[in-house]
Amino acid sequence: MVTVISFTIQLYLSVSFFLYLNLIEAYNRESDHEAFLGAFKKEYDNLSSEESKRRLRLLLPHIDINKDQYITNEELKIWVQDKYESLVDISLNDAVFHEVDHNFNSKIDWDEYQWGKNRINNNANDSLTAIMKEHLSEFISRDKLRWEHADLDKDNQLNEEEYAMFQSPKKYAHMITIVALEEIKEYDLDKDGKLSLEEFIASIHMPNMRAYYEKQFRELYDQDGDGKLDHYEVIKWMTPEVYDKAELEAKHLIDLADDNEDGKLTVKEILSHYFVFVGSKATKMGQLLHEEF
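Residues numbered from 1 in each chain as written. Predicted model: local features only at pLDDT ≥ 70, side-chain atom pairs only at ≥ 80, totals over all residues. Heavy atoms only, no water.

**Side note on the overall build of the protein chain**
Within the protein chain one finds 15 helices and six strands. When contacts within the protein chain are restricted to residue pairs at least 6 apart in sequence, long-range pairs at least 24 apart make up 61% of them. As presented, the protein chain carries roughly 16,800 Å² of accessible surface, and 57% of it is formed by carbon and sulfur atoms. (Helix = DSSP H or I, 4+ residues; strand = E, 2+ residues; numbered from the N terminus. Contact = heavy atoms within 4.5 Å. Areas by Shrake-Rupley, 256 points an atom, 1.4 Å probe, with all protein chains shown as cover.)

And the structure:
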């Protein structure tokens, strides 16, 4: 009888400790998901595992800045910092977002933005002059490209986080591709698709800092030394700096999914460990039990 009671107590303690460890693991993964997804986390929590993986695959090209099919620590660090930024921007843009969201579905489509934010529809107002219509058309085209790039899940609508990226694209690394193209288009006076030193200086709008930025141009930004910045070099120049917290989180995520331990992640590794990055409430406990046994 004593032996049975002793065994029961030991079994109870073992199960309790197992559940405690699982709760700790679940909490850690919640933190990882928030760091990787930012405001997207709540949406992903309610998805099936297959849909989570499908959407995760759509996100990966936005993280892979140099498009070499690998996610490095630096690229993941920049992405995580974007998520931290978006959480701040969402709170700042909250009132504007809900004013534009006319059908109250927590997403904004292009027509809502055109009408609600700009107070225009797809036809230019007859009262505008030809020059005004031309400039308006240019702004609309620019915004449409930004909109499409900010639409990470490709549902033709922007949620609050995507809208924050659309409104403040220079703060988000995965939006820099579009911003760099805009910068070249605006300041590339000789239309060679690159920024010369003079064109670069003009884009800074700080003539009193010319000596400093000229040195930065020659020693830091012009990586191939041809005296001009191509699209990739403009991207490198405009990519925002990130903080230590994002670097630590990026390293942690890579360590969890880097099967061949080469310090970077392939699409296969990320999808194989999708629950590290996105998961879903329906699969979290099942995954923990699978790992334990």
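**Concerning the nonpolar core**
Ranked by internal contacts, the top residues of the largest apolar core, which has 42 residues, are Phe36, Leu56, Leu76, Tyr163, Phe277 and Val278. If you look at the next biggest cluster of nonpolar residues, it comprises 18 residues, including Ile176, Val179, Val234 and Trp237. (Core = buried A, V, L, I, M, F, W, Y, C linked by side-chain atoms within 4.5 Å. Buried < 20%, exposed > 50% of the residue type's maximum accessible area, 1.4 Å probe, protein only.)

**A short note on the confidence of the model for the protein chain**
Overall, the predicted model of the protein chain reaches an average pLDDT of 76, with 71% of residues at or above 70. Taken together, the stretch residues 11–27 has pLDDT below 50 and engages in eight contacts with residues farther than four places along the chain or on a different chain. (pLDDT = per-residue confidence, 0-100.)

**Looking at the pattern of salt bridges**
When the charged atoms of two side chains lie near each other, side chains of opposite charge can form a pair. If you walk through the whole model with that rule in mind, you get 16 salt bridges. A salt bridge links Glu50 to Lys53; its shortest N-O distance comes to 3.3 Å. Of this pair, Glu50 and Lys53 both sit in helix H3 (residues 49–63), three residues apart, which is roughly one turn of the helix. One salt bridge connects Asp192 with Lys228, and the closest N-O pair in it is separated by 2.3 Å. Of the two residues, Asp192 is situated in the loop between helix H8 (176–187) and strand S4 (195–196) and Lys228 in strand S5 (residues 228–229); the sequence distance between them amounts to 36 residues. (Salt bridge = Lys/Arg side-chain N within 4 Å of Asp/Glu carboxyl O.)

**A few points about the layout of surface pockets**
One number sums up the size of the second largest pocket: a volume of about 510 Å³. Around the second largest pocket, the lining comprises 17 residues; the ones closest to its centre are Glu138, Arg142, Glu182, Lys185 and Glu186. Looking at the lining of the second largest pocket, the elements that each hand over two or more residues are helix H6 (130–150) and H8. Top element by residues in the lining of the second largest pocket is H8. It accounts for eight residues. Residues of the lining of the second largest pocket, tallied by class, amount to six nonpolar, three polar and eight charged. (1 Å grid on protein atoms, 1.4 Å probe; cavity = no way out; pocket = protein on both sides within 12 Å on 5 of 7 lines; lining within 4 Å. Points joined across faces, edges and corners; volume = space filled by probe spheres on them. Nonpolar A, V, L, I, M, F, W, Y, C, P; charged D, E, K, R; others polar.)

**A few points about helix H7 (residues 160–167)**
Burial analysis of H7 places six of its eight residues in the buried class, the great majority of the element. If you check which residues of H7 are buried, you get Glu161, Glu162, Tyr163, Ala164, Met165 and Phe166. The N-terminus of H7 is capped by Asn159, whose side-chain oxygen sits 3.1 Å from the backbone nitrogen of Glu161. (Polar contact = N/O pair within 3.5 Å; in protein donor to acceptor, adjacent residues only side chain to side chain.)

**With respect to the packing of H8 against helix H11 (residues 231–238)**
Relative orientation and spacing of two packed helices are given, respectively, by the angle between their axes and the distance between those axes. Between H8 and H11, the shortest axis-to-axis distance is 9 Å and the interhelical angle comes to 115 degrees. Taken together, H8 and H11 sit at an angle that is classed as roughly perpendicular. Crossing angle aside, the handedness with which H8 passes H11 is right-handed. Contacts between H8 and H11 involve Ile176, Thr177, Val179, Ala180, Leu181, Glu183 and Ile184 on the former and, on the latter, His231, Val234, Ile235, Trp237 and Met238. Of the residues assigned to the contact of H8 with H11, the class counts are nine nonpolar, two polar and one charged. (Axes fitted to C-alpha atoms, helices over the stretch in contact; angles between N-to-C directions. Parallel < 35°, antiparallel > 145°, perpendicular 65-115°, else oblique. Left-handed = near helix turned anticlockwise from the far one by under 90°.)

**With respect to a nonpolar patch on the surface**
Residues Met206, Met209 and Tyr212 make up a contiguous nonpolar surface patch of roughly 260 Å² in combined accessible area. Along the polypeptide, Met209 turns up in the loop between helix H9 (197–204) and helix H10 (210–221). For Met209, a relative accessible area of 31% corresponds to the partly exposed category. (Patch = residues over 30% accessible without salt bridge, like charges linked within 9 Å, V, L, I, M, F, W, Y side chains within 5 Å.)

**Observations regarding unusual backbone geometry**
Most peptide bonds adopt trans geometry, and most residues besides glycine take a negative phi value. For Gln69, which is not glycine, the phi torsion reads 75 degrees and is therefore positive. By the element assignment, Gln69 lies in the loop between H3 and strand S1 (71–72). Positive phi, close to 65 degrees, is recorded for Ser106, a residue that is not glycine.

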